[in-house]
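# Commentary on secondary and tertiary structure
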Amino acid sequence: MNVIRNIQMDLNRFRSRVVVVTFVILIAFGILCLRLFYLQVIRYDDLNAAAESNRTAIVPIVPNRGVIMDRNGVVLATNYSAYTLEITPSKVVAPVEEVIEQLSAIIDIQTRDKRRFKKQVDESKSIDSVPIRTRLTDDEVARFAAQRYRFPGVEIRARLFRNYPYEQLASHVIGYIGRINQAEKEKLEDQEDAGNYRGTDYIGKLGVEQSYERQLHGITGVHEMETSAGGHAVRRLRSSPATPGNTVVLSIDIKLQQLVEEMFGARRGALVAIDPSNG
């Protein structure tokens, strides 16, 4: 049985389909053009700034904290260098947790060290190196150096720590430094000083260390690094050196302070020195 096809009807149907498909393609192309116009013209400034931020990373340079002296130039608070074991997450090949477990077999890493490390990693970029253990002994440094090849992304660096040569003497006057807590962090943000504390966890807590915090802390420097899509540092774009903190000279005489504290012994009190002739 022969089927007689209506060629004209088939041709009209084909033309209708071509028109519909062409119309759909034109609409899709128009939407694509509008989207490109929106991204490349209207939102250019925002997206360009975001892309530039992803391309670069700011690595802070922590300044040396200022020295505290008595009236005669005797050093009451200074800095000393010690070795710190640090991990750069972006350079680690294996999972960070596994690396830490392997390091624990070589260097004593406590649970509190792991908690502090995790907190700092969450607050930093992958390009930043984060300390997992501070103040390593010479023996620990030697043990790690012998197996350094096993741990890409893990390094030992020299860092500065606070030292009080006279220990407890005049501690109520000199004060001390400690880790920045949440309340202090919020206060720094309100004062727009948070950027000056990038890369450091310490701040003055009491006495002169707290009262003269701004003078002692110094100004944090920066390395601006170009990074790859994976967060790896490619090259240094620019660098601004850190400005060390100022030296603070007190009016007290530490030798006299020592004599007075020995005289008081375990008793509590205060001593005021005056000129008997005029009061």
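Everything discussed here concerns the structure shown above.
Residues numbered from 1 in each chain as written. Predicted model: local features only at pLDDT ≥ 70, side-chain atom pairs only at ≥ 80, totals over all residues. Heavy atoms only, no water.

## Remarks on helix α3 (residues 96-104)
The test is simple: Each residue is placed in one exposure class: buried if its accessible area under a 1.4 Å probe, protein chains only, is under 20% of its type's maximum, exposed if it is over 50%, and partly exposed if it falls in between. Runs of E in the DSSP output that reach at least two residues are strands. Runs of H or I that reach at least four are helices, and both are numbered from the N terminus. The directions from the helix axis to the C-beta atoms are what the arc is built from. Here, residues are in contact when the closest pair of their heavy atoms is within 4.5 Å.
Where α3 is concerned, the buried positions are Val99, Ile100 and Leu103. Along the long axis of α3, the arc covered by the buried residues comes to 100°, so they all point the same way. Here the buried face of α3 lies against β3 (75-87), α4 (111-123), β4 (130-133), α5 (138-146) and β5 (154-163).

## Some remarks on the nonpolar core
Note that soluble globular proteins tend to have their nonpolar side chains buried in a common cluster. Selection rule: Definition used in this section: a nonpolar core is a set of buried Ala, Val, Leu, Ile, Met, Phe, Trp, Tyr and Cys residues joined via side-chain atoms within 4.5 Å.
By size, the foremost hydrophobic cluster in this structure holds 17 residues, and its most contacted members are Leu85, Ile87, Leu103 and Val154. The leading source of residues in this core is α3, at three residues. Apart from the residues within four sequence positions on either side, valine 154 is in contact with Leu85, Glu86, Ile87, Val99, Leu103, Phe144 and Arg148. In terms of nonpolar packing, the next biggest core, distinct from the first, is built from 13 residues, Ile68, Val208, Ile252 and Ile254 among them.

## Here's the deal with the pattern of salt bridges
As a reminder, the rule being used: Each reported salt bridge corresponds to a side-chain nitrogen of Lys or Arg within 4 Å of a carboxyl oxygen of Asp or Glu.
Evaluation of the coordinates by the stated rule reveals 12 salt bridges. Between arginine 116 and aspartate 113 there is a salt bridge whose closest N-O contact spans 3.0 Å. Pair noted here: arginine 116 and aspartate 113 are both in helix α4, with a separation of three residues, about one helical turn. The partner of arginine 157 in a salt bridge is glutamate 155, and the shortest N-O contact between them spans 3.2 Å.

## A few points about the environment of isoleucine 180
Looking at where isoleucine 180 falls in the secondary structure, it is placed in the loop between β6 (177-179) and α7 (182-190). When its relative accessible area of 21% is taken as the criterion, isoleucine 180 is described as partly exposed. Sequence separation between isoleucine 180 and aspartate 201 is 21 residues, and the spatial gap between their C-alpha atoms is 5.6 Å. Excluding anything up to four places from it in sequence, isoleucine 180 contacts Lys185, Leu188, Tyr197, Thr200, Asp201, Tyr202, Ile203 and Lys205.

## Structural notes on the packing of aromatic side chains
For any two aromatic rings, the description comes down to two numbers: the centre-to-centre distance and the angle of the planes. Under the convention used in this document: Note on aromatic contacts: the rings of Phe and Tyr and the six-membered ring of Trp form a pair at centre separations within 6.5 Å, being stacked when their planes are under 30 degrees apart, edge-to-face when over 60 apart, and tilted otherwise.
Under the definition given, this model contains two aromatic pairs. Centre to centre, the rings of tyrosine 80 and phenylalanine 161 are 5.9 Å apart; their planes meet at 35°, and the pair counts as tilted. Of the two residues, tyrosine 80 is situated in strand β3 and phenylalanine 161 in strand β5; the sequence distance between them amounts to 81 residues.

## What about α7?
Which entries qualify depends on this criterion: Here a polar contact is recorded for every N or O atom pair within 3.5 Å, except that within protein the pair must consist of a potential hydrogen donor and a potential acceptor, and residues adjacent in sequence are included only if both atoms are side-chain atoms.
Two or three places before alanine 183, at the opening of α7, asparagine 181 has a side-chain oxygen 3.2 Å from that residue's backbone nitrogen. Glutamate 192 lies just past α7 and shows a positive phi near 60°.

## Quick word on unusual backbone geometry
Not every positive phi belongs to a glycine, and arginine 135 is a case in point at roughly 55°. Among the structural elements, arginine 135 can be located in the loop between β4 and α5. The class for arginine 135 is partly exposed, based on a relative accessible area of 44%. Positive phi is not limited to glycine here, since glutamate 167 has a value of about 50°. Its place among the elements puts glutamate 167 in the loop between β5 and α6 (171-174). By relative accessible area, glutamate 167 is classed as exposed at 62%.

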